[in-house]
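# Reading the structure
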Amino acid sequence: MKKSLIIIVCIIAVGLAFAKIESNKFKEQWMLIEDYSKKGKTESALNEIDNIIKNTYNQNNNDEMIKAFINKINQLDKKYPDANKRAIIEVEDYIKNSNDSIQTALLHNIASKLYANYYTNNSYTINKRTPINIVPEDIDEWTKNLFEDKYFEHLKASLQLSEKDKRIDIINYKEMLTEGEDSRELRPTLYDFLVYDILDNQKDNPFLKSENNNNFSKQLCQDIVDFHKGENNGAEFYAQLFYIYITYHFDTTSEEYLEKLEQLELKYAELPYVCEVASFIIDFYNQKVYNELQTDNEQYNKNCNDYLKKAKDICEKYINKFPKYKRINHIKNALAKINQSDCSVKTNQLIYPNTPLEFIINYKNTPQVTIKIYRSNKEPKYFKDNNYIQEIPSGSKLVKTYQKKLDQTYPYISQTDTIITPEGLDYGIYVYEITTNNKCSELGVFYVTKFMLLNHSTDKNNSEIIVLDRQTGEPSRNAKIIQYKTNDSNKEILCDQLCIFKINHEKNRYSSEVSILCDKDKFHPITRIYSYNYYRAKQTYTKKNATFFTDRAIYRPGQKILYKVILWDETNEGKHIVSNDTIKVVL
């Protein structure tokens, strides 16, 4: 027995050494392929990939072969519009000639994806065709049902492995995989790879995502559950978790779904992998918040807050219980999102002098807000050039501070409150600073002015403006308009007897920036007014068109086709029938 063990170990060692040599050999070819790809030499890259496929296919080096096929499909996609079609033909040829069961299964897996991709890329055209049961030779003539049948044919064939082959360690195929954390424990075998490769893509797959085909996915989950039954490890747990998810994935907010998850959580409570089911339960409560109907505002707030509180408790429980679990960051991120403090404030940009200010506060997880108001000594042009201020402008003076404790009955959901100040402010430009949790969360600007302006275009170079009092609606006779020009030679404009300001725009600009001045009221924001009747150069064009008619839609084999063509020109002046012209018709 000891001698046999030594011989087996020697064989494995030799096999590993050979694999390393092969890997180094292909490494050089892959570097060459990458170089060709960067230089845009797609044909050269494809030739090298074909060499790898032929060598690995003959040697049953399935890991490198599948990697090569995936890369070939990507390269074909760069050069040929019918890349999927070309790849399908090639993969099916290899399947016909393959004598290795694992190799065949993996090729079937690729073929199923290619058929799904071809259908997805051409679904608009394919879905307009009436389903047929006869299979045309050219895939471009297929209907949806034929693609679906072919997809499932390859999909089922990819799973036809012996029990021994199913249990091959997936680490033997690391070249074709992107390994995630805990994937070796949760999906340890080749069969796991093939099954979960199907299930992971169910939502995006055009044939699996329909409820009609959900039974196929459920059976697949049941197969993987039976495959790992009695192992009492991460793979068995994960199979059961996925079975629950697939069974209820069309209704992931049902209480029955939650009950199944909680049963699984209780069964594997002492295994670190239970964090995976905890993530599903957290997602369940987040989805309940998303789906909650806002019929009664108070009840809506209470329900949503309760859901998020339950999700928070689960997060804290498993972060404390399994702090070193490799995927615990997923739960930490969920907790951070629930606990995230958020506060934003809205107020009017234009405030009438000496009238109360109103600040509307939207907040979450924020117990208190402080609003500081500074009077700025900057001109309106400063704020036009610095639209989004990042700090309080130099020279600003603090004039008001308001604090408000915010209701924390439902801390985890967004709520609204309002601050209305008892007094107003004098003419000027003001910056407000929002502070929560001792940090500045927002800066904004508002203007205290009694004016507003209305404008309309008279022609491509001229506009008319009326300046109104924002409370009384009375036009102002004493105001002045400042028109800002590109050469910094600003122009002062007075109104006429009808209180109308006439603006002449600079040549070929069709708009102007203006502000309003009137005694102490000189803080109206700079506003751009447009002439919407500006001249557009008339474009001339001619486009030839042909409309083709046949005497019927369907013909018997050998039947004569009668047709006619109407030829017409489309120009900027209209459409015109063309006569006495010759065109070529190709059927």
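Residues numbered from 1 in each chain as written. Predicted model: local features only at pLDDT ≥ 70, side-chain atom pairs only at ≥ 80, totals over all residues. Heavy atoms only, no water.

Along the chain, the regular secondary structure elements total 17 helices and 18 strands. Radius of gyration (C-alpha) of the chain: 36 Å, far over the 25 Å computed for a compact globule of 587 residues. Each principal axis of the C-alpha distribution contributes one length, and for the chain these read about 105 × 85 × 50 Å. A burial count over the chain gives 43% of its 587 residues as buried. Contacts spanning at least 24 positions in sequence make up 61% of the contacts within the chain whose residues lie at least 6 apart. Split by element, the accessible area of the chain, about 34800 Å² in all, is 48% carbon and sulfur. (Helix = DSSP H or I, 4+ residues; strand = E, 2+ residues; numbered from the N terminus. Rg over C-alpha atoms; globule rule 2.2 N^0.38 Å. Buried < 20%, exposed > 50% of the residue type's maximum accessible area, 1.4 Å probe, protein only. Contact = heavy atoms within 4.5 Å. Areas by Shrake-Rupley, 256 points an atom, 1.4 Å probe, with all protein chains shown as cover.)

The subject of this paragraph is the packing of aromatic side chains. A full pass over the atoms with the stated rule returns 29 aromatic pairs. On the basis of an interplanar angle of 70 degrees and a centroid distance of 6.1 Å, the ring pair of Phe242 and Tyr245 is categorised as edge-to-face. Of this pair, Phe242 and Tyr245 both sit in helix α12 (residues 234–248), three residues apart, which is roughly one turn of the helix. In terms of burial, Phe242 and Tyr245 fall into one category: buried. Measuring from centroid to centroid gives 6.5 Å for Phe359 and Phe446, while their planes differ by 70 degrees, and the two rings are edge-to-face. Of this pair, Phe359 sits in strand β3 (residues 358–364) while Phe446 sits in strand β8 (residues 439–448), and the two are 87 residues apart along the sequence. We note that Phe359, like Phe446, is buried. Between the NZ or CZ atom of Arg167 and the centre of the ring of Phe227, over which it lies, the distance is 4.0 Å. Directly above the ring of Phe523 sits Arg375, whose terminal nitrogen or CZ lies 5.8 Å from the centroid. (Phe/Tyr/Trp six-rings, centres within 6.5 Å; stacked < 30°, edge-to-face > 60°. Lys NZ or Arg CZ within 6 Å of the ring centre and 35° of its normal.)

Turning our eyes to something else, we now look at the pairing of strand β13 (residues 501–504). Side chains Phe501 and Ile503 project from β13 onto a buried face, and the interleaved Lys502 and Asn504 project onto a face without burial. Relative to β13, strand β10 (residues 462–469) is paired through four bridges, and the arrangement is antiparallel. The residue of β13 that forms the bridge with Ile465 is Phe501. (Pairing = 2+ DSSP bridges.)

Moving on, we come to the environment of Ala116. Considering the arrangement of structural elements, one finds Ala116 in helix α5 (residues 101–121). The class for Ala116 is buried, based on a relative accessible area of 5%. Between the C-alpha atom of Ala116 and that of Leu208, which follows or precedes it by 92 residues, the distance is 10.0 Å. Residues within four places of Ala116 in sequence aside, it is in contact with Tyr151, Asn205, Pro206 and Phe207.

Two orientations exist for strands paired in a sheet by backbone hydrogen bonds: parallel and antiparallel. Read across the sheet, three strands follow the order β9-β10-β13 without closing on themselves; strand pairing throughout is antiparallel. The open sheet terminates on both sides in strands that have one partner only, identified here as β9 (451–459) and β13. Here the average twist between neighbouring strands, direction ignored, is 30 degrees. (Axes fitted to C-alpha atoms, helices over the stretch in contact; angles between N-to-C directions.)

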